[in-house]
Amino acid sequence: MTRIYEWLRINEVRVIYFVLSLIIFCSFWVFFHTPPKDFPLGQVFTIESGQSLQTITNTLYENHIIKYPLVFRTHVIISGGEKKVKAGDYLLDNKEGPADLAYRFVHGDYHLAVTKITIPEGWNTFEIADYLSK
């Protein structure tokens with residue numbers, strides 16, 4: 001036991017720096033990955049083709065999907081640039097923080113199942129509607 005105290009006394013500054021670094025790192029991780037309390041689970045968020053990053057960020061903020069617009073924009077730019085955001089419909093099936101959403105939007109991770117439908121040639125709109133309703 002005395003060896004531990006001796007080691008701590010000798011390396012006191014290193015231990016303090018390590019603990020402070022760990023606290024700062026954990027704080028940043030929580031800040032970047034924590035969603036708002038009223039995150040709208042189950043909604044679909046749509047990004048239109050040609051929509052600016054500023055417009056996307058404002059819409060996310062207004063819909064309580066992100067808390068800190070600057071954090072989201074920064075992560076999008078770091079993840080691949082604001083021109084790399086993929087247009088489409090994104091299912092918000094998990095509570096995600098701004099860093100996670102930025103990654104999804106840049107990489108086109110929609111979380112929606114794609115269903116392939118083949119419509120036989122010659123069908124009219126009524127037959128197509130009946131087929132799709134089934």
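Keep in mind that this is a model prediction, so the values were computed, not measured.

(A) How the structure looks around the overall build of the protein chain. A tally of helices and strands in the protein chain yields six helices and two strands. The linear arrangement of helices and strands in the protein chain, starting from the amino end, is α-α-β-α-α-β-α-α. Relative to its length of 134 residues, the protein chain is extended, with a C-alpha radius of gyration of 24 Å against a globular reference of 14 Å. Once the C-alpha set of the protein chain is aligned to its principal axes, its extents read approximately 85 × 35 × 25 Å. Counting every position in the protein chain, which comprises 134 residues, the buried fraction comes to 24%. Sequence-distant contacts in the protein chain: of pairs separated by 6 or more residues, those separated by 24 or more amount to 58%.

(B) Region of interest: the side chain of R104. You can see R104 is positioned in helix α5 (residues 98–107). A relative accessible area of 2% means that R104 is categorised as buried. Here Y110 takes part through its backbone oxygen, which lies 3.3 Å from a polar atom of the side chain of R104.

(C) View of the pairing of strand β1 (residues 44–47). Where burial is concerned, the two faces of β1 differ: the one with F45 and I47 is buried and the one with V44 and T46 is not. Two strands pair when backbone bridges link them, and β1 and strand β2 (residues 88–91) are joined in this way by four bridges, in the antiparallel orientation. When the sheet's bridge partners are listed, T46 is paired in β2 with D89.

(D) The arrangement of the nonpolar core in detail. In this structure, F45, L60, F72, L101 and F105 are the most contacted members of the largest nonpolar core, which totals 17 residues. Considering each element in turn, this core owes the most residues, four residues, to α5.

(E) Layout of unusual backbone geometry. Positive phi outside glycine occurs at H64, with the angle close to 60 degrees. Position of H64 relative to the elements: it lies in the loop between α3 (53–62) and α4 (69–79). What makes H64 partly exposed here is its relative accessible area of 43%. The phi torsion at H111 lies on the positive side, around 60 degrees, for a residue other than glycine. You can see H111 is positioned in the loop between α5 and α6 (125–133). Note on H111: relative accessible area 28%, which makes it partly exposed.

Conventions adopted
- Residues numbered from 1 in each chain as written.
- Predicted model: local features only at pLDDT ≥ 70, side-chain atom pairs only at ≥ 80, totals over all residues.
- Heavy atoms only, no water.
- Helix = DSSP H or I, 4+ residues; strand = E, 2+ residues; numbered from the N terminus.
- Rg over C-alpha atoms; globule rule 2.2 N^0.38 Å.
- Buried < 20%, exposed > 50% of the residue type's maximum accessible area, 1.4 Å probe, protein only.
- Contact = heavy atoms within 4.5 Å.
- Polar contact = N/O pair within 3.5 Å; in protein donor to acceptor, adjacent residues only side chain to side chain.
- Pairing = 2+ DSSP bridges.
- Core = buried A, V, L, I, M, F, W, Y, C linked by side-chain atoms within 4.5 Å.

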